[in-house]
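# Observations on chain architecture
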Amino acid sequence: MDHNGAAVGPLYLFELASSQARYLELRQSTIATNVANANTPGFKARDVEPFNKVLDGMPVRLATTSPSHMQLSAAETDTRKTAKKDSWEVVHSGNSVSLEQEMIKGSDVSRDYSMNSAIVRSFHRMVLSSAKS
C-alpha cells in the first residue's frame, strides 16, 4: 500500500524501473557529452540530479486515457551544471571536465542499469510463475 492507501502493484514496479532506465539513458548521454567536450575551452561539465531527488520531485501523474495526452520524456528533462564542489579540477582553459570523474560516473550508470535489469527480470519471472499456478 502507498501513503494514500492505494495498492501498489506490479505495474508500478515496472513503471518505476522504466523511469530509472530513462534517467540512466539521460545521465549516460550527459556523461558522453562531457567526455566529448573534454578539450573544449570553457566547457563546463554537466550532470543530472540524482534519481532519488528526481523521484521525490515527481508529481503524481494522471493516467493517459487518450493518445492526445502528453507525457514528459527523460530527453526533455534539463541537466544542471556540475557544482564547483562536485568537480575535481578546472584547467587553465576553463574546462571543468575530469575524464576520471566521468569514467566513474559511467561505471555507476552501468552498475545501476545492470541492477535495474536484474530486478525487472526477477520480478518478471515471479509474475509469470504466479500466473502459471
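In this numbering scheme, every chain counts its residues from 1 along its sequence in written order. Thresholds applied to this predicted model are a pLDDT of at least 70 for local features of residues and 80 or more for the giving and counting of side-chain atom pairs; totals over whole chains, interfaces and linings are not thresholded and use all residues. Water and hydrogen atoms play no part in the side-chain values, which are based on all heavy atoms of the structure.

Here we come to the pattern of salt bridges. Only one rule defines a salt bridge in this text: a Lys or Arg side-chain nitrogen within 4 Å of an Asp or Glu carboxyl oxygen. Tallied over the entire structure, the rule returns 5 salt bridges. Between Lys-105 and Asp-47 there is a salt bridge, with its nearest N and O atoms 3.6 Å apart. Taken together, the residues span a long stretch of sequence, with Lys-105 in helix H3 (residues 99-132) and Asp-47 in strand E1 (residues 46-47) at a distance of 58 residues. Whether a residue is buried, partly exposed or exposed follows from its accessible area with a 1.4 Å probe, protein chains only, as a fraction of its type maximum: under 20%, in between, or over 50%, in that order. Judged by its relative accessible area of 8%, Lys-105 is buried. Across the salt bridge formed by Lys-105 and Glu-102, the nearest N and O atoms sit 3.3 Å from each other. Highlighted residues: Lys-105 and Glu-102, both in helix H3, separated by 3 residues, approximately one helical turn. Residues Lys-105 and Glu-102 agree in their burial class; the two are buried. Counting from the N terminus, the helices are the DSSP runs of H or I reaching at least four residues and the strands are the DSSP runs of E reaching at least two.

Looking at soluble globular proteins, one finds that nonpolar side chains tend to be buried together. Think of a nonpolar core as a cluster: buried Ala, Val, Leu, Ile, Met, Phe, Trp, Tyr and Cys residues, connected wherever their side-chain atoms sit within 4.5 Å. Tyr-23, Leu-24, Leu-26, Ile-31, Val-48, Phe-51 and Val-109 together form the largest nonpolar core, which totals 7 residues. Looking at which element gives the most residues to this core, the answer is helix H1 (residues 10-36), with 4 residues.

UniProt positions are given in the numbering used here, feature names are shortened, and annotations may be inferred rather than shown by experiment. Those places that UniProt annotates as "domain: Flagellar basal body rod protein N-terminal" (unreviewed entry) correspond, in this numbering, to residues 27-44. In residues 27-44, the share of helix is 56% and the share of strand is 0%. The end C-alpha atoms are 16 Å apart.

Structurally, the position occupied by Gln-20 is in helix H1. As for Gln-20 and Phe-51, which are separated by 31 residues in sequence, their C-alpha atoms are 7.1 Å apart. Throughout, a contact is declared for two residues whenever any of their heavy atoms are within 4.5 Å. Beyond its immediate stretch of four places on either side in the chain, Gln-20 contacts Phe-51, Asp-112 and Asn-116.

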